[in-house]
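Summary of structural features
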Amino acid sequence: MISTYLEGALITLGVFAVLSAIGIIITKDNLYAAIYLAITTGLVGAVYGLFGIAYGFVLIYLIFVGATITITIVLAATYRKIEIKGGVGKSWIVPMILFIIAIVVASVSTKYNVTPVTGQSLTGFTTASDGLLLIALLASLLMAIMIGLIMYYLEVSGVWRS
Amino acid sequence: MEVVNAAILYGFASIILMTGYYSALRANDLIRILISLELMFNAIFLTLIPLFTVSPVIAFGILIVVILSSSTEFMTLIIAIMAMDRIRRSVRVEEIKAGGEQYVETKSNT
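Residue positions are counted from 1 within each chain, in the order its sequence is given. Following the order in which they are written, the chains are lettered starting with A and the ligands numbered starting with 1. With pLDDT at 70 or above as the cut-off, local features in this predicted model cover only qualifying residues; side-chain atom pairs require 80 or more to be listed or tallied, and sums for whole chains, interfaces and linings still use all residues. To get the side-chain values, take all heavy atoms of the structure and skip hydrogens and water.

1. A word on a nonpolar patch on the surface
On the surface, Ile11, Val15, Phe16, Leu19, Ile22 and Ile26 of chain A cluster together into a nonpolar patch covering about 540 Å² of accessible area. Strands are runs of DSSP state E lasting at least 2 residues, helices are runs of H or I lasting at least 4, and numbering of each runs from the N terminus. When you line up the elements, phenylalanine 16 of chain A lands in helix α1 (residues 4-26). Patch rule: a residue counts if its relative accessible area is over 30% and it has no salt bridge; like charges are joined within 9 Å, and nonpolar side chains (Val, Leu, Ile, Met, Phe, Trp, Tyr) within 5 Å. Each accessible area is a Shrake-Rupley estimate made with a 1.4 Å probe; only the visible protein chains count as cover when residues are assessed. Here, a salt bridge means any Lys or Arg side-chain nitrogen found within 4 Å of an Asp or Glu carboxyl oxygen.

2. Some points on the environment of isoleucine 22 of chain A
Residues and elements named next belong to chain A. Checked against the element boundaries, isoleucine 22 lands in helix α1. For every residue, the accessible area obtained with a 1.4 Å probe (protein chains only) is divided by the maximum for its type, and the residue is called buried under 20%, exposed over 50%, and partly exposed between those limits. Using a relative accessible area of 33% as the deciding quantity, one classes isoleucine 22 as partly exposed. Each C-alpha atom, one on isoleucine 22 and one on leucine 37, is 9.7 Å from the other, the two residues being 15 residues apart in sequence.

3. What about the interface of chain A and chain B?
Where interface size is quoted, it is often the accessible area lost as the parts come together. By definition, residues are in contact when any of their heavy atoms lie within 4.5 Å. The interface is formed by 85 residues belonging to chain A together with 73 residues belonging to chain B. When two parts are brought into contact, each loses some accessible area as probed by a 1.4 Å sphere; the total of that loss over both is the buried area. When the two sides are added together, the surface that chain A and chain B hide from each other amounts to roughly 7,800 Å², 75% of it contributed by carbon and sulfur. Whenever a nitrogen or oxygen atom comes within 3.5 Å of another N or O atom, the pair is scored as a polar contact, on the condition that within protein one atom can donate a hydrogen and the other can accept it, and that pairs from neighbouring residues in sequence are kept only if both atoms are in side chains. Inspection of the region where chain A meets chain B yields 14 residue pairs in polar contact (both at pLDDT 80 or more). Put simply, the parts of the chain that give the side of chain A that touches chain B at least two residues each are α1, α2 (30-50), α3 (54-78), α4 (93-110), β1 (113-114) and α6 (129-157) of chain A. Each residue is assigned to one class: nonpolar for Ala, Val, Leu, Ile, Met, Phe, Trp, Tyr, Cys and Pro, charged for Asp, Glu, Lys and Arg, and polar for all the others, Gly among them. Residue composition of the side of chain A that touches chain B, by class: 58 nonpolar, 18 polar and nine charged. Strands are treated as partners if at least two bridges between them are detected by DSSP. Of the pairings in the sheet, the one linking β1 of chain A to strand β1 (residues 4-5) of chain B comprises two bridges and is antiparallel in character. Across the sheet, valine 114 of chain A pairs through a bridge with valine 4 of chain B, a residue of β1 of chain B.

4. Focus on the confidence of the model for chain B
As a general rule, the predicted coordinates of low-pLDDT regions are not to be interpreted in detail. pLDDT: the predictor's confidence for each residue, scored from 0 to 100. In the predicted model, chain B carries a mean pLDDT of 83, and 86% of its residues have values of at least 70. Among the scores for the predicted complex, ipTM is 0.85 and pTM is 0.85.

5. Quick notes on α4 of chain A
Under the 1.5 Å per step criterion, the end-to-end length of α4 of chain A is 26 Å for 18 residues, consistent within 8% with the ideal 26 Å. Within the span of α4 of chain A, buried status applies to Met96, Ile100 and Ser107 of chain A. On an axial view of α4 of chain A, the arc spanned by its buried residues comes to 45 degrees, and they lie on one face. Of the residues in α4 of chain A, the exposed ones pointing more than 90 degrees away from the buried face are Leu98, Val105 and Ser109 of chain A. Contact partners of the buried residues in α4 of chain A: β1 and α1 (6-26) of chain B. The length a helix should cover is 1.5 Å for every residue beyond the first. Note that the arc is computed from the directions linking the helix axis to the C-beta atoms.

6. Section: the environment of phenylalanine 57 of chain A
Along the chain, the position of phenylalanine 57 of chain A falls in helix α3. Sequence separation between phenylalanine 57 of chain A and glycine 42 of chain A is 15 residues; the distance between their C-alpha atoms is 9.0 Å.

Right, here's the structure in full:
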């Protein structure tokens, strides 16, 4: 059975996510572009919540929106200049629209249905030692790279003393 | 059971991905390129949702890898942009030349 509530909520969230993504292209101010990005990511996180993937919702909000995009907003507020559009021509939008049409047509014909995740299906991951090891290893990677980046930035800015 | 056709998710994901590509191609400062890259990762997150129906544990493992590795990547890019601003006094794309160029070191406190 196709759920009209689930489908309606998904389409609503998706439409607003796409609109705020288009806002990134339209706005000329980097700060507003970063804020539109935060809205888009928040709505994508809400789709995770809609499908019952609470862990994904929390991870996206805590790490992606809460940390990475917040820093991007601060950076965009610092370098908040009116952007003069450059790069490739506007005609590149044509192959991109063709790509979107191809993806939609290909996925509609498969008739693959997605069901919301039950609450118990992910508890095995958090209790397994392998899952915790994966999280610990990736968090260590993040820390190690951040230490290297801080040292690099101090080297570039001439403050680092060896 | 409540079900939704995956085509809706894939459709929205492809629109967001192409929006990110277009924004990156049209940008001429590094901050806008960083924002476009982060937008592209939203499309990745959306395409991962159908995998949760097949195998929630594997999909969640992939989601953790994607989120933490992308966060690391973006932190690296942010530091690179700040270093670029220190060296070139600009964050414009045109300032990026071929790699290996020498730069004049700033005054040290030592």
